[in-house]
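Secondary and tertiary structure notes
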Amino acid sequence: MTLDLQFYLSLILRRLPVIAAIIFTATTAGILFALSLPPVFRAEARLLIENAQIPAELAASTVRSTTQEILLAIQQRIMTRENLLDLATRNDLYVSAPQMTDEQKLLDVSDRISIYMPNTQGSTGVVTVSFGASEPELSARVTNEIADQILQWNTELRTKASASTLDFFEQEVQRLTDELAQQNAMILEFEQNNRDALPESLEFRRTRLAAQQERLLQVDRELAALRDRRQRLTELYDRTGRTVTNAEARTPEEERLDLLRQELASALVVLSSTNPRVRALQNEVNALEEAVKEQRDAAGGGRLTPFEVQMLDIDGQISYLAEQKALVEKDLGLLQTSIEATPGNSIRLAELRSNYETLRVQYEQAVASLSQARMGDRIEATDRGQRISMIEKAFPPVVRSEPNRRRIAVAAFGAGVILSGALLFLLEIMNQTIRRPSELAKVIGAPPFATVGFLDGAAPGRRVSNGSFALLAVFLINIPVLLLLIHIYVVPIGSLLGVASNTTDTKGAVEPAPASTE
């Protein structure tokens with residue numbers, strides 16, 4: 001099926017008055033709407049996002065929030081209910097409209113504020129701040145106030161973040177210092193309470209245990225030999241009434257006294273009588289002489305029999321060895337107990353030392369972080385980190401920014417074209433009459449031999465189309481309206497016609513709106 005362009009062109013030409021009327025009416029309505037809107041002036045202030053002045057490799061700020069995050073936080077603080085109402089009150093935005101509620105004021109102020117935050121590249125960018133108002137001076141004043149709030153909030157947020165980081169690490173270092181001191185005190189107290197069962201002396205105690213066990217066996221052998229000797233001497237004395245030896249028996253104290261006298265004599269050869277060693281030997285000699293004298297007095301002032309001497313000697317040795325055995329057994333018990341307690345003490349001590357080492361590592365990391373936090377806080381306090389600065393304040397604009405009357409007029413013209421096209425399409429769908437040979441062939445189901453066009457009647461001059469009436473009505477209505485708009489907003493009609501008027505027309509007294517460059 002081919003498109004019959006000639007047929008559709010004829011339809012458009014036939015309904016051209018209606019199309020023109022619709023387009024002209026829509027355009028006129030758009031122009032009236034654009035002229036009825038109040039002018040809005042929007043001053044702009046520009047803020048520059050700057051990189052840190054100190055390289056991050058040398059000293060980095062502790063504020064890790066991106067510029068987008070900080071600007072978003074600032075925007076949320078600016079758009080709070082309390083701040084917007086304070087802004088409107090300080091600048092007397094609604095003095096002429098006291099009937100407005102707070103909710104209406106909030107909606108209106110939030111719609112007027114514009115904060116454009118571009119996607120920063122390399123942590124740099126320009127933030128544009130603007131505020132729409134009916135007066136240029138008011139727009140510039142409010143815009144500068146909002147820009148100052150952004151700078152103030154940026155400084156406050158960054159310094160607050162760095163200060164809170166510094167405070168946290170100071171508290172962390174103090175906490176770890178106290179815990180290290182407590183852990184060290186626990187280790188010292190544990191080592192003091194278990195000084196005889198620590199893992200460091202385990203090998204020494206095992207060696208000493210083996211030596212003491214050997215010593216115990218030796219003492220047992222000596223005791224067994226002495227007891228056997230005493231028994232044999234007793235049996236021999238009971239059978240014979242005498243001992244084997246005929247030599248004069250001496251007590252152990254007498255033998256010890258002779259040895260000490262010899263040692264004292266040897267010491268006096270090389271040492272003076274005031275020497276501590278000589279004095280000690282002399283004291284021992286004196287004590288033994290008293291003991292020997294008491295023994296002789298107890299035996300009737302005479303000598304002991306050889307059997308008695310030998311029995312006293314053996315009994316003394318047995319008593320001495322028994323005391324040594326008791327001491328060795330006691331030492332063995334203590335050593336065995338300490339060795340058995342060593343594994344548990346080793347585990348507990350290793351746990352305490354591991355906790356101490358963990359705290360020490362955390363303390364070193366916290367100290368390093370505290371140093372970085374102090375440097376970062378210093379960077380933010382001196383404003384050497386990433387910052388936002390004012391590069392251009394807002395000035396009263398000369399040309400209004402809203403409404404864009406040219407755009408509204410063009411949009412109204414486009415709407416008229418769309419409406420006229422929709423009307424043509426609707427009329428074409430609703431029209432079921434046969435107007436082309438192809439439509440006739442479709443109805444009868446066979447191609448016709450020939451077709452004859454519509455023939456007008458005898459008096460064609462009496463018919464006037466409905467489109468002509470519509471076009472005439474549109475022009476009669478819209479042309480006076482356009483002339484009135486030109487007279488009010490552009491130039492008085494009298495000036496265009498070259499007629500000077502001394503009287504002041506009420507409508508002509510209205511100041512023309514400033515010409516827009518839009």
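Reference entry: report on the structure contained in this document. (Residues numbered from 1 in each chain as written. Predicted model: local features only at pLDDT ≥ 70, side-chain atom pairs only at ≥ 80, totals over all residues. Heavy atoms only, no water.)

**A look at the overall build of the chain**
A count of helical and extended segments in the chain gives 14 helices and 4 strands. Counting every position in the chain, which comprises 518 residues, the buried fraction comes to 29%. Taking the contacts inside the chain whose residues are at least 6 apart along the sequence as the reference set, 81% of them involve residues at least 24 apart. (Helix = DSSP H or I, 4+ residues; strand = E, 2+ residues; numbered from the N terminus. Buried < 20%, exposed > 50% of the residue type's maximum accessible area, 1.4 Å probe, protein only. Contact = heavy atoms within 4.5 Å.)

**Some thoughts on helix 3 (residues 67–78)**
With 12 residues, helix 3 should cover 16 Å at 1.5 Å per step; its first-to-last C-alpha distance of 16 Å lies within 8% of that length. Within helix 3, the full set of buried residues consists of Thr67, Ile70, Leu71, Ile74 and Ile78. Each buried residue of helix 3 sits inside an arc of 95 degrees when the element is viewed along its axis, so together they form one side. On its buried face, helix 3 is in contact with strand 1 (41–50), helix 4 (81–90), strand 2 (113–116), strand 3 (125–133), helix 6 (136–193) and strand 4 (387–392). (Expected span 1.5 Å × (residues − 1). Arc of directions from axis to C-beta.)

**Points about the packing of aromatic side chains**
Any pair of aromatic rings gets described here by the distance separating the centres and the angle formed by the planes. Counted under the stated rule, the structure contains 1 aromatic pair. Between Phe168 and Phe169, the ring centres sit 5.2 Å apart and the planes meet at 75 degrees, which makes this aromatic pair edge-to-face. On the basis of relative accessibility, which here comes to 47%, the residue Phe168 falls in the partly exposed class. (Phe/Tyr/Trp six-rings, centres within 6.5 Å; stacked < 30°, edge-to-face > 60°.)

**Describing the environment of Val173**
On the secondary structure map, Val173 appears in helix 6. Residue classification places Val173 among the buried residues on the basis of a relative accessible area of 12%. Residues Val173 and Gln365, 192 residues apart in the sequence, show an inter-C-alpha distance of 9.2 Å. Beyond its immediate sequence surroundings of up to four residues, Val173 is in contact with Tyr363, Ala366, Val367 and Leu370.

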